[in-house]
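Chain and residue survey
This is what each chain is made of:
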Amino acid sequence: MFIDAYPPDSIMKFGFVSVPRWSTSITAVASGAERRNRNWAHPLHTFSAPEAVECHEHLAALHNMWMTTAGPLHTFAFRDPLDFASRDLPAPGLAPVIGPTDQVLGIAEGKRREFQLVRRYSFGGQTYDRVIRHPVVNSVQVALNAKPPESWPIPVGPISWSVDRLSGVVTFDKPIPIGVAVTAGFLFDVEARFEGDDSYEGIVRSFRVSGHADLVFVEVLPC
């Protein structure tokens, strides 16, 4: 079950380190060359905050969260401090000014009413498209050929739309005319969980010994 709530503010004030991890099989051959195989379609992020738990207040807040999520069983919303918007951040944790043309969701073929939010990354002429499944609904801006859907003229418009928090799918009330570029800007969260069943034990033991403890969350991708 996904619990649509963020970790306690007392914990989130610490700077989490965000690390996207891929799974790649690398095999060396007799010639000295190598073969590489990409095992995952998308990376998994790990979020860690060194010494995030530093007082009893933090431990109590974490205990409430741990009991409610049943440890790693249930997931929760998490804001990646390095990547949570439809365009690059000006600084870690600082939201940029987003716009309705930040990301291209697709070119309409005249029949579709649903378009998935995506975030595109580019380097050296190559791109990677990340599916966005937990947008911050009130942040989402949408455009059709750079124009607000609500301002499209008759007989096609006006066009109304909505976005789903749990899937990131933008749904229009009618098919979008052929050839129209559907774009969007948004902030987004990821679905995360505690690292494992023994995570809380490690936190308590570390806190008792040193007076502080590290905190680690793991991103969860849908099956």
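One structure accompanies this document, and this report is about it. Each chain carries its own residue numbering, running from 1 in the direction its sequence is written. Owing to the predicted nature of the model, reporting of local features is limited to residues with pLDDT of at least 70; listing and counting of side-chain atom pairs is limited to 80 or more, with chain, interface and lining totals taken over all residues. Side-chain numbers come from the whole structure's heavy atoms, not from hydrogens or water.

What follows deals with the overall build of the protein chain. Put simply, DSSP H or I for four residues or longer makes a helix, DSSP E for two residues or longer makes a strand, and each gets a number counted from the N terminus. Along its length, the protein chain carries three helices and 17 strands. Overall, the C-alpha framework of the protein chain stretches about 70 × 55 × 30 Å when taken along its three principal axes. Taken over 223 residues, the protein chain has a buried fraction of 41%. Note on contacts: a residue pair is in contact if any heavy atoms of the two residues lie within 4.5 Å. The long-range share in the protein chain, meaning contacts at least 24 apart out of those at least 6 apart in sequence, stands at 70%. The classification of residues rests on relative accessible area computed with a 1.4 Å probe and restricted to protein chains. Under 20% of the type maximum is buried, over 50% is exposed, and intermediate values are partly exposed.

Where two aromatic rings form a pair, the distance of their centres and the angle of their planes describe that pair. Aromatic contacts are taken between Phe, Tyr and Trp rings whose centres are within 6.5 Å, Trp giving its six-membered ring; a plane angle under 30 degrees counts as stacked, one over 60 as edge-to-face, and the others as tilted. Scanning the entire structure with this criterion turns up 13 aromatic pairs. Aromatic pair Phe-194 and Phe-217: ring centres 5.4 Å apart, planes at 75°, arrangement edge-to-face. Residue Phe-194 is found in strand S16 (residues 188-194), and its partner Phe-217 is found in strand S17 (residues 213-219); the two are separated by 23 residues along the sequence. By relative accessible area, Phe-194 is classed as buried at 1%. A relative accessible area of 0% means that Phe-217 is categorised as buried. Note on geometry: a ring has a charge over it if NZ (lysine) or CZ (arginine) is within 6 Å of the ring centre and within 35 degrees of the ring normal. One residue, Arg-112, lies across the ring of Phe-115, its end atom 3.9 Å from the ring centre.

Reading across from one edge, S8-S14-S13 is the order of the three strands in this open sheet, with antiparallel pairing throughout. Because the sheet does not close on itself, it has two edges, and the strands there are strand S8 (114-116) and strand S13 (161-163). Averaged over all neighbouring strand pairs, the angle between strand axes comes to 20°, with direction disregarded. Here S13 pairs with strand S14 (residues 169-172) via three bridges, running antiparallel. Across the sheet, the residue bridging to Trp-161 is Phe-172, located in S14. By this definition, two strands are paired if DSSP reports at least two bridges between them. Fitted lines through C-alpha atoms serve as axes, helices being fitted only where they are in contact, and the angles separating the N-to-C directions of these axes extend from 0 to 180 degrees.

This next bit is on the packing of helix H2 (residues 56-69) against helix H3 (residues 199-210). A pair of packed helices can be characterised by two numbers: the angle between their axes and the separation between those axes. Running from amino to carboxyl end, H2 crosses H3 at an angle of 170°, the nearest separation of the two axes being 12 Å. Put simply, H2 runs roughly antiparallel to H3. From H2, His-56, Leu-59, Leu-62, His-63 and Trp-66 reach across to H3, where they touch Ser-199, Tyr-200, Ile-203, Val-204 and Phe-207. Charged residues are taken to be Asp, Glu, Lys and Arg, nonpolar residues to be Ala, Val, Leu, Ile, Met, Phe, Trp, Tyr, Cys and Pro, and polar residues to be all remaining types, Gly included. By residue class, the composition of the contact of H2 with H3 is seven nonpolar, three polar and no charged. Note on angle classes: values under 35 degrees are labelled roughly parallel, values over 145 roughly antiparallel, values of 65 to 115 roughly perpendicular, and the remainder oblique.

Within the largest apolar cluster, 21 residues are counted, with the highest numbers of intra-cluster contacts made by Phe-16, Phe-194, Leu-215 and Phe-217. Only strand S5 (44-53), H2, strand S6 (75-78), S16, H3 and S17 provide two or more residues apiece to this core. Side-chain atoms within 4.5 Å link the members of a nonpolar core, which is a set of buried Ala, Val, Leu, Ile, Met, Phe, Trp, Tyr and Cys residues. Within the second largest apolar cluster, 20 residues are counted, among which are Leu-105, Leu-117, Val-182 and Ala-184.

Along its twelve residues, H3 runs 17 Å from first to last C-alpha, staying within 8% of the 16 Å computed at 1.5 Å per residue. If you check which residues of H3 are buried, you get Ser-199, Tyr-200, Ile-203 and Phe-207. Along the axis of H3, the buried positions cluster into a sector of 95°, meaning they face one direction only. Exposed residues lying more than 90 degrees from the buried face of H3 are Arg-205, Arg-208 and Val-209. Residues of H3 that are buried make contact with S5, H2 and S17. Expected span of a helix: the number of residues minus one, times 1.5 Å. Picture the helix axis, draw a direction to every C-beta atom, and the arc is the one those directions span.

With respect to the element layout, Arg-119 can be found in strand S9 (residues 118-123). Leave out the neighbours within four places in its chain, and Arg-119 touches Asp-83, Ala-85, Ser-86, Arg-87, Asp-88, Gln-103, Tyr-128, Asp-129, Arg-130 and Ile-132.

Spatially, the three strands line up as an open sheet ordered S7-S15-S12, and their pairing is antiparallel. Either end of the sheet is taken by a strand with one partner, and the two such strands are strand S7 (103-107) and strand S12 (141-144). Adjacent strand axes in the sheet meet at a mean angle of 20° when their direction is disregarded. One ladder, built from four bridges, connects S12 with strand S15 (residues 181-185); its direction is antiparallel.

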